[in-house]
Number of protein chains: 2
Amino acid sequence: MSPTPADTVRISLDEVHALCRDTLLGVGLAEPHALAIARSITRAQADECHSHGLYRLLGYVASVRSGKAARDVLPVLSRTTPVILRVDARRTFAPLAIEIGVPALVEAAKTYGIAALAIHDCYHFSALWADIEPAVDAGLAAWCFTIGQSCVAPAGGTRPLLGTNPIAFGWPGPKQAPFIFDFATSAAARGEIELKRRAGEPIPQGWAVGPDGAPTTDPAQALAGALLPFGGHKGSALSMMVELIAGPLIGDLTSRQAAAVENGDSGPPLGGELFIAIDPAVFGPATLDQRLAEADAVFAAARQQPGVRLPSERRYAARARSREGALVSAALLAELRTLSEPG
Amino acid sequence: MSPTPADTVRISLDEVHALCRDTLLGVGLAEPHALAIARSITRAQADECHSHGLYRLLGYVASVRSGKAARDVLPVLSRTTPVILRVDARRTFAPLAIEIGVPALVEAAKTYGIAALAIHDCYHFSALWADIEPAVDAGLAAWCFTIGQSCVAPAGGTRPLLGTNPIAFGWPGPKQAPFIFDFATSAAARGEIELKRRAGEPIPQGWAVGPDGAPTTDPAQALAGALLPFGGHKGSALSMMVELIAGPLIGDLTSRQAAAVENGDSGPPLGGELFIAIDPAVFGPATLDQRLAEADAVFAAARQQPGVRLPSERRYAARARSREGALVSAALLAELRTLSEPG
């Protein structure tokens, strides 16, 4: 076994999955949703993506108990055109809607070369890399985008307007370890700032402004004020793009609207998610294998430079380690094991 | 007339267009290409986008004279599927290929909801905002991406691998002034660093490393070393995404390959360009007008914050001013007027 850091334990991926399933069934969530969430959390925990792993179970349970998310209705897939798909999640959690929508997206993109999928009216709490990975594993280049609750000021501004508005992109190669990135368009995630506050540490300059609009390194002031986009006006423009395409484009909420309807139960926000997928096989003039080899040459050249790490490499290393069990915080595990008790 | 800064003159947009057309015809470029380039340059000059305006005529002429670009062959449009379009530019300049491809992209996106267009084997020298503006004016959300010649190190690295790899996105509203951004994924454009070198000024920290791999504020060292991506590992991931989708995805060159085939004539690099367009009209559940109004509310809320400027606002203000004539450097104009003389 790999060594486990202090205050952590390794439990099998089957145990992670069973803990999620049993906890969610225990609070009354319908089985298809409980199973889809269990798969989503287990994949994140296997990749040591702790922010989207078992920690998320707390929020899912909170939103079942608060009545925010529907417990027993099923998402509905529809098509506007052969390449425009929509899943109406009907105010349920996103994982089942994504499991229904992504295979249809893959089929449409493989048939026509490009397709889009809107997940509508869902509570989204999963990692975007995991949302697109099945499409990438199927051989597609794929993106997804979702909004958040407004907590980010546009570049030059000082008041919350945008969400952390993440972007994920994946490229279907090399096999076993596709190039997939997934990042917030804010300089830092809200959770990172909350961790700094609990630890009594300052945050770096450039992450946030306080309620007075002045730059701050005090995490409490930052949380009361506004986060800033990454990369100045360029990151801000990308955040605005996500706001538009995962909001008004697909007929779903903006980050301000998502914040306005939030009940504060610590669970996921309401909103939509946009996927786009392209099949590299439809392009020429070289064969697909030749073109994938050109891409691999770019990755290889990047890796030859000391100090360069490609997105997702750390996750794939964690995934390999997790075959012998996923690393879990002992304190979190103890808390989770009490969760299915009556609330 | 608006006041003209020192060393500039205002000439009518018709004069800008005629100067481009006559100069390019004078060096032997076929008329369809000369007219498409004249339109492209005139639009950039009207928006006071000087880096892509009349200044570019020098490079176009250089590449006609060096024989790099084909003078008299026509780009060829083809379709792999109803929503995957391709224009083989056959080693001609990009503007005519784009003028042929984008209307077909608009038609496909309006019919099916989403479509992609690959411009293949072209010499690209135009501003990406101008490349997508016709699709955005037609009511579509649209992106385009192109590579450059390798001069940017991936985050953490020190050697050139990626191009400046720009991204443009446009949203079809509000009318007359759509939201369109267009930026390099490098911290700064190569041209900005060249200007600093000529002015004898240092560049900011974070723009580049020297040939020894150490951070530098010396523009000459930066040009001999490598530029850095904007926004750290996030900007670097986006640059890699552009490299993949405007290169191997569409079967065209990577930035390293583009640099390797470059003849150094100061004209545009060889490569490809990818467009994606989505028709917001195909989505629901609210009407298109309602959803465009939601987007306008986001723009209005951003503008209410002092210090926030939306992308392209400066260009639209310039465009309005240019109705009475475009602002042109007097020295550049004098140089251009000698260009059509035998080289």
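Please read these numbers as outputs of a predicted model, since none were measured by experiment.

## Notes on the overall build of chain A
When its secondary structure is counted, chain A shows 12 helices and 11 strands. Relative to a compact globule of 343 residues, whose C-alpha radius of gyration would be 20 Å, chain A shows 20 Å and is just as compact. Seen along its three principal axes, the alpha-carbon backbone of chain A occupies a region of about 55 × 45 × 45 Å. Relative to its 343 residues, chain A shows a buried fraction of 57%. Sequence-distant contacts, at least 24 apart, represent 67% of the contacts inside chain A between residues at least 6 apart. In the structure as shown, chain A presents an accessible area of about 12700 Å², 53% of it carried by carbon and sulfur atoms. Charge centroids of chain A, computed over 30 positive and 34 negative side chains, lie 2 Å from each other.

## Observations concerning the interface of chain B and chain A
With 72 residues of chain B at the contact, the number on the chain A side is 72 residues. Summed over both partners, the interface of chain B with chain A buries about 5800 Å², with 76% contributed by carbon and sulfur atoms. Across the chain B-chain A interface, the total number found is zero salt bridges. Here the side of chain B that touches chain A takes nine residues from helix H8 (residues 232-245) of chain B, the largest share from any one element. Residue composition of the side of chain B that touches chain A, grouped by class: 47 nonpolar, 18 polar and seven charged.

## What about the sheet that holds strand E6 (residues 167-171) of chain A?
One open sheet holds the seven strands; their spatial order is E2-E3-E4-E10-E5-E6-E7 (chain A), and the pairing between them is mixed. With partners counted over all chains shown, the strands left at the sheet margins are strand E2 (76-81) and strand E7 (179-183) of chain A, one partner each. Put simply, the sheet's adjacent strands are angled 15° from each other on average, direction ignored. Bridge count between E2(A) and strand E3 (residues 84-88) of chain A: five bridges; the pairing is antiparallel. Bridge pairing in E3(A) links A:Ser78 to A:Arg86. Here helix H8 (residues 232-245) of chain A sits on the sheet in contact with strand E5 (141-146), E6 and strand E10 (270-278) of chain A, set at roughly 85° to E5(A). Its contacts with the sheet put H8(B) on E5, E6 and E7 of chain A, and the angle it makes with E7(A) is roughly 140°.

## What about the relation of the copies chain B and chain A?
Of the two same-sequence chains, chain B is brought onto chain A (RMSD 0.0 Å, axial shift 0.0 Å) by a rotation of 180°. Taken together, these values place the two copies in the relation of a two-fold axis. Residue B:Gly231 of chain B places its C-alpha closer to the rotation axis than any other residue of that unit, at 2.0 Å. Most of the interface of chain B is mirrored in chain A, where 100% of its interface residues are also at the interface.

## Notes on the packing of helix H1 (residues 13-26) of chain A against helix H3 (residues 55-65) of chain A
Residue and element names in this part refer to chain A. In the contact formed by H1 and H3, the axes pass within 10 Å of each other and the chain directions differ by 15°. In terms of orientation, H1 and H3 fall into the roughly parallel class. Of the two possible hands of crossing, H1 and H3 adopt the one that is right-handed. The residues of H3 that touch H1, namely those facing Leu19, Cys20, Thr23 and Leu24, are Leu57, Tyr60 and Val61. Looking at side-chain class alone, the contact of H1 with H3 contains six nonpolar, one polar and no charged residues.

## Overview of the pattern of salt bridges
Applying the stated criterion across every chain yields a total of 24 salt bridges over all chains. Of the charged contacts in the structure, one is a salt bridge between A:Lys68 and A:Asp265, with a shortest N-O distance of 2.9 Å. On the criterion of sequence distance, the pair formed by A:Lys68 in the loop between H3 and E2 and A:Asp265 in the loop between helix H9 (255-260) and E10 is long-range, its members being 197 residues apart. The residues A:Lys68 and A:Asp265 share a single accessibility class, namely buried. Salt-bridge contacts for B:Arg319 lead to B:Glu133; the nearest nitrogen and oxygen are separated by 2.7 Å.

## Digging into the packing of aromatic side chains
Overall, the coordinates contain 21 aromatic pairs over all chains when judged by the stated rule. Measuring from ring centre to ring centre gives 5.1 Å for A:Trp143 and A:Phe169, while their planes differ by 50°; the resulting arrangement is tilted. Remark: A:Phe169 occurs in strand E6 and A:Trp143 occurs in strand E5; sequence separation between them is 26 residues. One Lys or Arg, A:Arg56, reaches over the ring of A:Phe125 and ends 4.0 Å from the middle of that ring. Here the guanidinium or amino end of B:Arg315 rests over the ring plane of B:Trp129, the centre of that ring lying 3.7 Å away.

## Quick notes on the environment of B:Gly173
All names here are of chain B. Checked against the element boundaries, glycine 173 lands in the loop between strand E6 (167-171) and strand E7 (179-183). The spatial distance from the C-alpha of glycine 173 to the C-alpha of aspartate 137 is 8.4 Å, given a sequence separation of 36 residues. Residues in contact with glycine 173, not counting those within four places in the same chain, are Pro178, Phe179, Asp296 and Phe299.

## Observations concerning the packing of helix H1 (residues 13-26) of chain B against helix H2 (residues 31-46) of chain B
Residues and elements named next belong to chain B. Taken N-terminus to C-terminus, the directions of H1 and H2 make an angle of 145°; their axes are 8 Å apart at the nearest point. Every pair of crossing elements has a handedness; the one defined by H1 and H2 is right-handed. On the side of H1, the interface is formed by Leu13, Val16, His17, Cys20, Arg21, Leu24 and Leu25, while H2 contributes Glu31, Ala34, Leu35, Ile37, Ala38, Arg39, Ile41, Thr42, Gln45 and Ala46. Partitioning the contact of H1 with H2 into residue classes produces 11 nonpolar, three polar and three charged.

## Here we look at the side chain of B:Arg56
Residue and element names in this part refer to chain B. By the element assignment, arginine 56 lies in helix H3 (residues 55-65). At 8.5 Å, glutamate 194 is the nearest oppositely charged side chain to arginine 56, a buried residue that forms no salt bridge. Those residues within four positions of arginine 56 in sequence are excluded, and the remaining contacts are Ile41, Ser51 and Phe125.

## Here we look at the state of the cysteines
For the structure on display, the rule yields zero disulfides over all chains. The thiol of A:Cys122 is unpaired, and the distance to the nearest cysteine sulfur, on A:Cys144, comes to 11 Å.

## Some words on the sheet that holds E6(B)
Residues and elements named next belong to chain B. Pairing within the open sheet is mixed, and its seven strands lie in the order E2-E3-E4-E10-E5-E6-E7. The outermost strands of the open sheet, each flanked by one partner alone, are strand E2 (76-81) and E7. Recorded for the sheet is a direction-independent mean angle of 15° between the axes of neighbouring strands. Running over the sheet, helix H5 (residues 128-137) touches strand E5 (141-146), E6, E7 and strand E10 (270-278) and is turned about 155° from E5.

Here is what the cut-offs are and how they apply
- Residues numbered from 1 in each chain as written.
- Chains lettered and ligands numbered in written order.
- Predicted model: local features only at pLDDT ≥ 70, side-chain atom pairs only at ≥ 80, totals over all residues.
- Heavy atoms only, no water.
- Helix = DSSP H or I, 4+ residues; strand = E, 2+ residues; numbered from the N terminus.
- Rg over C-alpha atoms; globule rule 2.2 N^0.38 Å.
- Buried < 20%, exposed > 50% of the residue type's maximum accessible area, 1.4 Å probe, protein only.
- Contact = heavy atoms within 4.5 Å.
- Areas by Shrake-Rupley, 256 points an atom, 1.4 Å probe, with all protein chains shown as cover.
- Lys, Arg positive; Asp, Glu negative; His and termini not counted.
- Charge placed at Lys NZ, Arg CZ, Asp CG, Glu CD.
- Buried area = accessible area lost by both parts, 1.4 Å probe.
- Salt bridge = Lys/Arg side-chain N within 4 Å of Asp/Glu carboxyl O.
- Nonpolar A, V, L, I, M, F, W, Y, C, P; charged D, E, K, R; others polar.
- Pairing = 2+ DSSP bridges.
- Axes fitted to C-alpha atoms, helices over the stretch in contact; angles between N-to-C directions.
- Least-squares fit on C-alpha atoms with pLDDT ≥ 70 in both.
- Parallel < 35°, antiparallel > 145°, perpendicular 65-115°, else oblique.
- Left-handed = near helix turned anticlockwise from the far one by under 90°.
- Phe/Tyr/Trp six-rings, centres within 6.5 Å; stacked < 30°, edge-to-face > 60°.
- Lys NZ or Arg CZ within 6 Å of the ring centre and 35° of its normal.
- Disulfide = S-S within 2.5 Å.

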